[in-house]
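Examination of the molecular architecture
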Amino acid sequence: MIKRTHWIENYHYLFKRVRTKIYTWMLSPCLYSMGEKTSIIPPLRFANLQYVELGKYVTVHSHCWINVLADTDDTDAPKLIIRDHVGIGMNATITVAKKVVIGEHVFTGRNVFISDHAHDYRETGVPIYMQGVYNTSGVTIGAHSWLGHNSSVLPGVTIGKHCVIGANSVVNRDIPDYHVAAGVPAIPVRVYDVSTHCWKRLK
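All figures in this text were calculated on a predicted structure; none of them were measured in a lab.

On to the layout of surface pockets. As a volume, the largest pocket reaches approximately 400 Å³. Every residue lining the largest pocket is counted, 17 residues in all, and those nearest its centre are Arg-17, Thr-20, Lys-21, Ser-39 and Ile-41. Counting residues per element, the lining of the largest pocket draws most heavily on helix 1 (residues 7-27), which supplies eight residues.

To continue, consider unusual backbone geometry. Cis geometry marks the peptide bond from Pro-42 to Pro-43, where omega comes out at 0°. Topologically, Pro-43 is positioned in the loop between strand 2 (39-40) and strand 3 (44-47). The residue after Val-184, namely Pro-185, is reached through a cis peptide bond having omega -5°. By the secondary structure assignment, Pro-185 is in the loop between strand 21 (179-182) and strand 22 (187-193).

This paragraph deals with the side chain of Thr-24. Of note, Thr-24 is situated in helix 1. For Thr-24, a relative accessible area of 5% gives the class buried. Other than its neighbours up to four places away in sequence, Thr-24 contacts Met-34, Thr-38, Ser-39 and Ile-40.

What counts as what
Residues numbered from 1 in each chain as written. Predicted model: local features only at pLDDT ≥ 70, side-chain atom pairs only at ≥ 80, totals over all residues. Heavy atoms only, no water. 1 Å grid on protein atoms, 1.4 Å probe; cavity = no way out; pocket = protein on both sides within 12 Å on 5 of 7 lines; lining within 4 Å. Points joined across faces, edges and corners; volume = space filled by probe spheres on them. Helix = DSSP H or I, 4+ residues; strand = E, 2+ residues; numbered from the N terminus. Buried < 20%, exposed > 50% of the residue type's maximum accessible area, 1.4 Å probe, protein only. Contact = heavy atoms within 4.5 Å.

Structure follows, in structure tokens:
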């Protein structure tokens, strides 16, 4: 026998849905643009949402941090582009100085970190947090890819389409289309063979 859901649980889900709709509506004027059926689940830590473009059917889950540095150039174009049907997992951090593009149907696990810059540290007489950023280089994540729990994507990286990035991996180099990559640093461990239509383990 399947036990029916308690009314308190149903009320809780309803409350969360209503709260998310209100929160998304409140933030929508701050964004560069936002497509239909997109949801931002509170709370969200953010800076400079005017440089963020969200596509249709995007979900940004709770406790994420979206940080766009507004003083690195003079353009008004979006620096963070999240395309349609993307799911950003809980506690994700996306920090952008130049440009980060996340393709359609990309999903991430929890605690994913994506950055297109690093903190400068080279002036030994100045605290690191006061030195700004350097090594700024754009990041692209291809359509239909999955970033596992706790994975990190570092500046200048392009991840191809339909890729899997293993949990706890650090991606500091490009990953071609149709690859599974894992490790620190992440290296390809499987590839899709179009001739056999199978995923093949790499040595």
